[in-house]
Amino acid sequence: AGMSKPPEVLAAFRVVFGLVFLSHLYEIHSQSFFSAYCEYPAFHFKYTYFSWIEPCSLVCLNSVLALMVMFTVFFIVGFLYRISCTFLVLSYSYLFLIDKT
């Protein structure tokens, strides 16, 4: 009736997407993005309608990154799948929106 995919294909996509996302999070961590972001710039370029979003402290940003890694692993194995997806979308949106540059 519908255009449903076999579960193996969806599971493989979930695993591959999760591994790519983990590598992206590792890249963010290895470049010391947060410490450079929180310590040096005196001015942050903001998106037009999201200027109300402020970056939090370095400890908070590192905690968000650690939680993103944890929920990405949950996403890969399929544990708490919907909660993991929701947290990853919201946290990545926050990291994306705190600075335009």
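Bear in mind the structure is a predicted one, so any value in this text is a computation, not a measurement.

Cut-offs and rules
Residues numbered from 1 in each chain as written. Predicted model: local features only at pLDDT ≥ 70, side-chain atom pairs only at ≥ 80, totals over all residues. Heavy atoms only, no water. Core = buried A, V, L, I, M, F, W, Y, C linked by side-chain atoms within 4.5 Å. Buried < 20%, exposed > 50% of the residue type's maximum accessible area, 1.4 Å probe, protein only. Helix = DSSP H or I, 4+ residues; strand = E, 2+ residues; numbered from the N terminus. Contact = heavy atoms within 4.5 Å. Phe/Tyr/Trp six-rings, centres within 6.5 Å; stacked < 30°, edge-to-face > 60°. pLDDT = per-residue confidence, 0-100. Axes fitted to C-alpha atoms, helices over the stretch in contact; angles between N-to-C directions. Parallel < 35°, antiparallel > 145°, perpendicular 65-115°, else oblique. Left-handed = near helix turned anticlockwise from the far one by under 90°. Nonpolar A, V, L, I, M, F, W, Y, C, P; charged D, E, K, R; others polar.

A. Inspection of the nonpolar core at higher detail. Within the largest apolar cluster, 14 residues are counted, with the highest numbers of intra-cluster contacts made by F21, L25, M68 and L88. Those elements that provide at least two residues to this core are α1 (7-30), α3 (58-77) and α4 (81-97). Ranked by the residues each element gives to this core, the list is headed by α3, at 6 residues. Apart from residues lying up to four places away in sequence, L88 is in contact with F21, M68, F71, T72 and F75.

B. Local environment of the packing of aromatic side chains. Tallied over the entire structure, the rule returns 8 aromatic pairs. With 5.6 Å between their ring centres and 85° between their planes, F71 and F74 make a pair best called edge-to-face. Taken together, the positions of F71 and F74, both in helix α3 and 3 residues apart, correspond to about one turn of that helix. For F74, a relative accessible area of 21% translates into the label partly exposed. Plain terms: the ring middles of F74 and F79 are 5.0 Å apart, the flat faces sit at 85° to each other, and that makes the pair edge-to-face. When its relative accessible area of 46% is taken as the criterion, F79 is described as partly exposed. Linked through ring pairs, F13, F17, F21, F75, Y81 and Y92 together constitute an aromatic cluster.

C. Seen up close, the confidence of the model for the chain. In this model, the chain carries an average pLDDT of 83, and 82% of its residues clear a pLDDT of 70 or more. Helix α2 (residues 33-39) is the least confidently modelled element of the chain, averaging 65 in pLDDT, while α3 averages 92, the highest of any element.

D. Geometry of the side chain of S84. Summarising the element assignment, S84 is placed in helix α4. With residues near it in sequence (within four places) discarded, S84 still touches F71, F74, F75 and F79.

E. The arrangement of the packing of α1 against α3 in detail. Where α1 contacts α3, the two axes come as close as 8 Å, and the packing angle between them is 165°. In terms of axis orientation, α1 runs roughly antiparallel to α3. The two elements α1 and α3 cross, and the hand of that crossing is left-handed. Contacts from R14, V15, F17, G18, L19, F21, L22, L25, I28 and H29 in α1 reach L65, M68, V69, T72, V73, F75, I76 and V77 in α3.

F. View of unusual backbone geometry. Phi is positive for L80, which is not a glycine, with a value near 50°. Turning to its location among the elements, L80 is positioned in the loop between α3 and α4.

G. Region of interest: the packing of α3 against α4. In contact at an axis separation of 9 Å, α3 and α4 are set at 145° when each is read in the N-to-C sense. The chirality of how α3 crosses α4 is left-handed. Facing α3, whose interface residues are L61, V64, L67, M68, F71, T72, F74 and F75, α4 presents Y81, I83, S84, C85, F87, L88, S91, Y92, Y94 and L95. For the contact of α3 with α4, the class distribution of residues is 15 nonpolar, 3 polar and no charged.

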